[in-house]
Amino acid sequence: MKAVGYKKSLPIEDAESLFDFDAAKPEPKGRDIRVAVKAISANPVDYKVRKRAAPPEGEVKILGFDAAGVVDAVGPDVSLFKRGDEVFYAGSILRQGTNSEFHLVDERIVGAKPKTLSFAQAAALPLTSITAWELLFDRLGAVPGKSLDPRTLLIVGGAGGVGSILIQLARRLTGLTVVATATRPESQKWCLELGAHAVVDHGKPMKEQIEKLKLPPVGLVASLTYTDQHYKAIADFMAPQGK
Ligand SMILES: NC(=O)c1ccc[n+]([C@@H]2O[C@H](COP(=O)([O-])OP(=O)(O)OC[C@H]3O[C@@H](n4cnc5c(N)ncnc54)[C@H](OP(=O)(O)O)[C@@H]3O)[C@@H](O)[C@H]2O)c1
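Residues numbered from 1 in each chain as written. Predicted model: local features only at pLDDT ≥ 70, side-chain atom pairs only at ≥ 80, totals over all residues. Heavy atoms only, no water.

Participant: How do you make sense of the site of the ligand when you look at a structure like this?
Facilitator: The immediate surroundings of the ligand are formed by 22 residues, with Val162, Thr183, Arg184, Ser187 and His230 found nearest. One of the backbone N or O atoms of glycine 160 is found 3.3 Å from an oxygen atom in the ligand. Taking 920 Å² as the accessible area of the ligand by itself, protein coverage stands at 69%. When residues of the shell around the ligand are traced back to their parent elements, those giving at least two are α1 (44–52), α3 (126–139), α4 (161–173) and α7 (227–237). A per-element tally of the shell around the ligand places α3 first, with three residues. Partitioned by chemical class, the residues of the shell around the ligand number eight nonpolar, twelve polar and two charged. Of the domains in this structure, domain 1 (2–123) and domain 2 (128–237) are the two that each give at least three residues to the shell around the ligand. (Near = heavy atom within 4 Å. Polar contact = N/O pair within 3.5 Å; in protein donor to acceptor, adjacent residues only side chain to side chain. Areas by Shrake-Rupley, 256 points an atom, 1.4 Å probe, with all protein chains shown as cover. Helix = DSSP H or I, 4+ residues; strand = E, 2+ residues; numbered from the N terminus. Nonpolar A, V, L, I, M, F, W, Y, C, P; charged D, E, K, R; others polar. Domains from an automatic or database assignment.)

Given below as structure tokens:
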């Protein structure tokens, strides 16, 4: 099968930093399913892995996390999926990645592909969505339901991959006031279109901007990127007992 991989962590300009090669088609065992991959997404984690984690000498590492595709074969203990099912998932950093024609994944981390989405649309979702969901509900403890939550959720880096999903989850599934940070006209517009009640500019002092908006207290902050730059400011405007 065709795959894309690397042997050494090389500068991306190097022709060997990523190359096409023929890999053996993997056989599913246990609870693994084999997926005929129709679409993958590129995520910042791909370049971080490629830069930092070289495979053992002589081996090729296949990159890629998110995928959407069709179940092509199943291991003997699989109970949740059958050949022909359309699926999407985020894969595992411990295994070969999804940038290949066929891919093995444990059925327990796989979902049925939503029928309303194309393969490419479905492949764009898993890793950012799982991250945003776990952050919002498991870590920050946001309360699901549309009754009014008298707190503001501030999302620093709202237009990024995780932030874009987080804005939508928070607006559709909670009663929080949602404020995102963005610096560029297009990223500010994007956050508002996704549902943010307001946008502040993380390139300027945030406390004054937040005070001007006369929001409910900022009880929850998802600081998604450059936290070292913003930590002190966040502590200044965050409500007591905030998370
Ligand atoms: N992507 C994933 O699936 C994933 C999964 C697990 C964990 N994570 C982690 O989640 C965090 C966010 O990842 P991401 O992929 O969502 O990031 P991303 O897409 O690369 O984030 C881009 C955003 O960062 C904003 N930004 C740039 N400089 C900033 C600054 N100085 N202060 C605040 N915001 C700034 C930009 O806003 P403007 O353009 O408006 O300035 C832009 O919208 C990272 O720590 C990552 O390791 C990500």
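Participant: Honestly, the nonpolar core in this entry has me stumped. Any pointers?
Facilitator: Burial of nonpolar side chains together is a common tendency in soluble globular proteins. Of all hydrophobic cores here, the largest spans 21 residues; its most connected members are Leu136, Leu153 and Ile167. Counting only elements with at least two residues in this core, the list comes to α3, β9 (152–156), α4, β10 (177–181), α5 (185–194) and β12 (218–223). Not counting chain neighbours up to four residues away, the residues in contact with leucine 136 comprise Gly141, Ala142, Leu153, Leu166, Leu169, Ala170, Thr174 and Leu176. (Core = buried A, V, L, I, M, F, W, Y, C linked by side-chain atoms within 4.5 Å. Buried < 20%, exposed > 50% of the residue type's maximum accessible area, 1.4 Å probe, protein only. Contact = heavy atoms within 4.5 Å.)

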